[in-house]
Structures are given as structure tokens and as C-alpha cells.
Amino acid sequence: MTGPKQTGRTPNAIVIGAGLAGLTAAISLQREGWEVEVVEARDRVGGRTWSRPLPGGAVAEMGAEFILPGNTAVRRLADELEIGLWDKGVRYGRREPRGGLYTDRASLDSAVETLDRALAGLRPDSPLSAAELISTLAIDAGARDVLLARAEISAASSADLIPAGDLSGVAHINDQPSPGVAGGNQMLSHAMASRLGERLTLGDPVVSVSRRGVRSVEVESASGRSWRGSGCVVSVPASVIGRIEFSPALPEEKASAMAGVRYGHAAKLLVPLAEPAPPSAVLNVPQRYWCWTETGAEDLPVPLVSCFAGSTFALDMLEVEAGPDRWLDSLRSLRPDLPLVTDRAILSTWDDDPWMGAAYSVSPPADQAELLRAPVGPIAFAGEHTAGSFSGLMEGAVRSGRAAAGQLLRG
Ligand SMILES: Cc1cc2nc3c(=O)[nH]c(=O)nc-3n(C[C@H](O)[C@H](O)[C@H](O)COP(=O)(O)OP(=O)(O)OC[C@H]3O[C@@H](n4cnc5c(N)ncnc54)[C@H](O)[C@@H]3O)c2cc1C
């Protein structure tokens, strides 16, 4: 079947991927009068935002959870879609460290000040890793341990692979609000999908993208459907872009920028509680995970504890590949105060996800970021991995979707 043909009057685009990036691009184009078709491999929208409602008003976020301080685009999107935020009552940037070398709040705060001074003097293109920068700081040994754990968990990578600059972003220790979308972050994607109506195809992976001219591109899916448009937005993660055949092939430097995207590895464990617990956040320093209890609607505590482990090291130590048992044992010891309902625990893994295969990208050097977001003729590229310093975040996905739409609109 062939979809809408280019008419010469109404420009049209095919968007590949119905995660936050793709859907943001789609509604941005639609708002400007474009006809848009969105094609998604999964049988749901949202990609790495996937929210499962649980009893008692809790929402298990299988992927993205917190809107970080300074993440304005995702907040603006929620506003535009008339969706509220839940404060959660917990702060992404503040976790009580347990299990490592001893440190106290004053030493940690002083270490963060020292780190911030070092970061202020860092060149934006500094090749220093988080591990290298932290090793130069004259700080308390326990606080150093916490900074390293914090960086490795949040960037989902080992500290020697994390750019030092990320210590001022995803891994920053602070007390600023870090809400989530009311009802779950996937609500953003549901709301955008409802604006597309029937112009959304689910469960049908795209297998090829062919440039037919300066303003013409044809997209084919695994089921044999095809769509032709004056533009296309490819918003699939770099980790799975190789499953799409581009014709002609992507320019060498574009392809190698994509192949060079480094991804972190993470998993979540979501455990219902026999009763709601007030907000709390605890960092397991040696095992590289943290857990939190939170509030939901009307700032009321919900009966759920969520855990997030980042880095291959953490996933191996918690034996995530074998299931939730080892992690549950650890959580029981870490949080004896919580009435865990372990037989309803949900383990969320992404390394084995066929349309992702990892968690999120580690921010790339500026020149690679430039190549990742550069259009190729009528094909624009979106996705958190193209978002430079906002990569790895919902914020990056939303910004990249708007940017890709802008590229097509400008022609
Ligand atoms: C465990 C975890 C925790 C996280 N926590 C946070 C957090 O607290 N805060 C935060 O801001 N971010 C967080 N993130 C990151 C955030 O989820 C992502 O940055 C963001 O959702 C990425 O959106 P995207 O649209 O770029 O990619 P995706 O959401 O991956 O969307 C891409 C879409 O493309 C589809 N696709 C792939 N191949 C094809 C194909 N061939 N044809 C058609 N469709 C295809 C995929 O199925 C997917 O739906 C977390 C991520 C994970 C995994």
C-alpha cells in the first residue's frame, strides 16, 4: 500500500519512531500544516517513557522518571498538552548515602562546592572524564565515593567513560524540584498520539528509507507498507538505526557518528508496598543503585518503592539478568523500614529490549553531536542521542524533536 503522495501543495512527512522525540517532531510539523504519518515498531507509543498504573495511585515508570532541574522543554510540552506535573516529594539530586565509606552531610556539601568550582573552570570541550576530575579534588574520601557512585548511577556508565561536564547536569547533587508528569511520563506521548489520530501506525518497524530526490523520500515497513513524503524524521535510537537500510547509504561521517554513540546500561526494580510510605531517597553506594518512595496525585504518598541501578557493574552485581531476587535481597537490607510486597515486584530491563538494547546515551563531544543532528537531504534526525548536552534525557528527546521539525520546515 502506498500512503499519501506528495501533492505539491501540502508538504508531508513520515516520522519513524513514536517516542518523545518522534511524536514531538510530528505534532510540531502538524501544527505548521504538514500532513504527518508516524510509524512505530512497538505496539505502544512512548518508547523509553512507559508508565504502568498500579493500585493505590502509584505509577510504575519502567523508563524515564524525573524531569531534571533546568529541563524546560519537557515542562513546556506538558503545559502545551495541558497535563500537570506531580512534585513526587523527593529530589532527584539529593539521596542519603549508605553502605560506602563514612561521610556526613557537611562533608558532602563541601565536596559538591569544590566540585562546582572545578566544573566552573572546565572548558566546554574538556576531554576530562568524571573519574579524572573527581580524582583531582581535595575532598573527604567518603564524599568522593558518593560523587563517583552518583555519577555512575545517573550516567549509567563507569566514571572513566562519563564526560566530566555531566557532573553539572545529570549527576549534580542539589535540592531542586524534579517532578514527573501527572499519571506518568508516557501521558505526554499518549496526548500527542491522540492528536495524530489514524496517522499513527503501531507494531510495524520501518526497514528502509530511500531518498528519491531533494524533497522526496520513501519509507517502507516490515509489513510491506510504504509511505512517500517531502521529508522524513528518523527518531530511532542510534543503537538500532542499523536495522534500517538507507538508500543511498548515509554519508560515511554520519554513519560513523551514529555508530560511535556510547550508551549507558540501567535497570529498574519497582516494588509495591503494603501501605504508602512518605517520600525518601537512599543511595546504595557500593552497589550503585538508589531507591525512593514518593508522592503522587494531591501530594499523597503512594504504595511503591522504585529503584534505579546504573552501569554494567551495578547490573552484574545485582545479577539483573537472572531476575529480581538478588536486588530484592539487597533492597530488604537497605530499607528494612518498608513493607515490600516482593511477589508483585516488577523488574524493568532495557539491555534486552529489541528496540533499544541499552538505557540512554552518554553525552557526546560537540563535533559528534553536530554530526548526529545534521540532516541528510530531506531526512532529519531526532532522538535524545542527537541532543548534545541534553542527551540521555526526556528533555533531549523533546528538544531534538522540535529541532528536527524545524529543519524540515526550513527546507
Ligand atoms: C531506565 C531508564 C530511566 C530513565 N530515567 C530518566 C529520567 O529520570 N529522566 C529523563 O529525563 N530521562 C530518563 N531516561 C531517558 C529517557 O527515557 C529518554 O532519553 C527518552 O525517553 C528518549 O526518547 P526518544 O524519543 O529519543 O527515544 P525512544 O523513547 O527510544 O523512542 C524511539 C522509538 O523508536 C522506535 N523504533 C526503533 N526502531 C524503529 C524502527 N525500525 N521502526 C519504527 N520505530 C522504531 C522505538 O520502538 C521507540 O518507540 C531514562 C531511560 C531509561 C531507559
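Note that this is a predicted model, so its numbers are computed, not measured.

Visitor: Which residues make up the overall build of the chain, and what are the values?
Guide: Within the chain, the regular secondary structure consists of 11 helices and 19 strands. Over its C-alpha trace the chain gives a radius of gyration of 21 Å, about what one expects of a compact globule, namely 22 Å for 411 residues. Based on the C-alpha atoms only, the size of the chain along its principal axes is roughly 65 × 50 × 40 Å. Taking the contacts inside the chain whose residues are at least 6 apart along the sequence as the reference set, 74% of them involve residues at least 24 apart.

Visitor: Give a detailed account of the domain arrangement of the chain, specifying residues and quantitative values.
Guide: When the parts come together, some accessible area is lost, and that loss is often what is quoted as the size of the interface. The domains assigned to the chain are domain 1 (12–47 + 187–262 + 358–410), domain 2 (51–70 + 84–91 + 178–183 + 264–349) and domain 3 (96–168). One C-alpha centre belongs to domain 2, the other to domain 3, and the line joining them spans 23 Å. At the junction of the two partners, domain 2 supplies 19 residues and domain 3 supplies 16 residues. Looking at the side of domain 2 that touches domain 3, the elements that each hand over two or more residues are β15 (280–284), β16 (289–295), β17 (301–310) and α8 (312–317).

Visitor: So what's going on with the environment of P301? Residues and values would help.
Guide: Here P301 lies in strand β17. A tally of 20 C-beta atoms within 10 Å means that P301 is categorised as buried. Along the sequence, P301 and P278 sit 23 residues apart, while their C-alpha atoms lie 5.4 Å from each other. Ignoring any residue separated from it by four or fewer positions in sequence, one finds P301 in contact with P276, A277, P278, P279, T293 and T295.

Visitor: So, the sheet that holds strand β2 (residues 35–39): which residues are in play, and what are the values?
Guide: Strand order in the open sheet formed by five strands is β8-β2-β1-β12-β19, and the pairing between neighbours is parallel. Looking along the sheet, the strands with just one partner apiece sit at the ends: β8 (200–201) and β19 (379–381). Note: strand β12 (residues 231–234) against β19, three bridges, orientation parallel. By the bridge assignment, V234 is partnered in β19 with F381.

Rules of the game
- Residues numbered from 1 in each chain as written.
- Predicted model: local features only at pLDDT ≥ 70, side-chain atom pairs only at ≥ 80, totals over all residues.
- Helix = DSSP H or I, 4+ residues; strand = E, 2+ residues; numbered from the N terminus.
- Rg over C-alpha atoms; globule rule 2.2 N^0.38 Å.
- Contact = placed C-beta atoms within 7 Å.
- Domains from an automatic or database assignment.
- Buried ≥ 20, exposed ≤ 12 C-beta atoms within 10 Å, placed from the backbone.
- Pairing = 2+ DSSP bridges.

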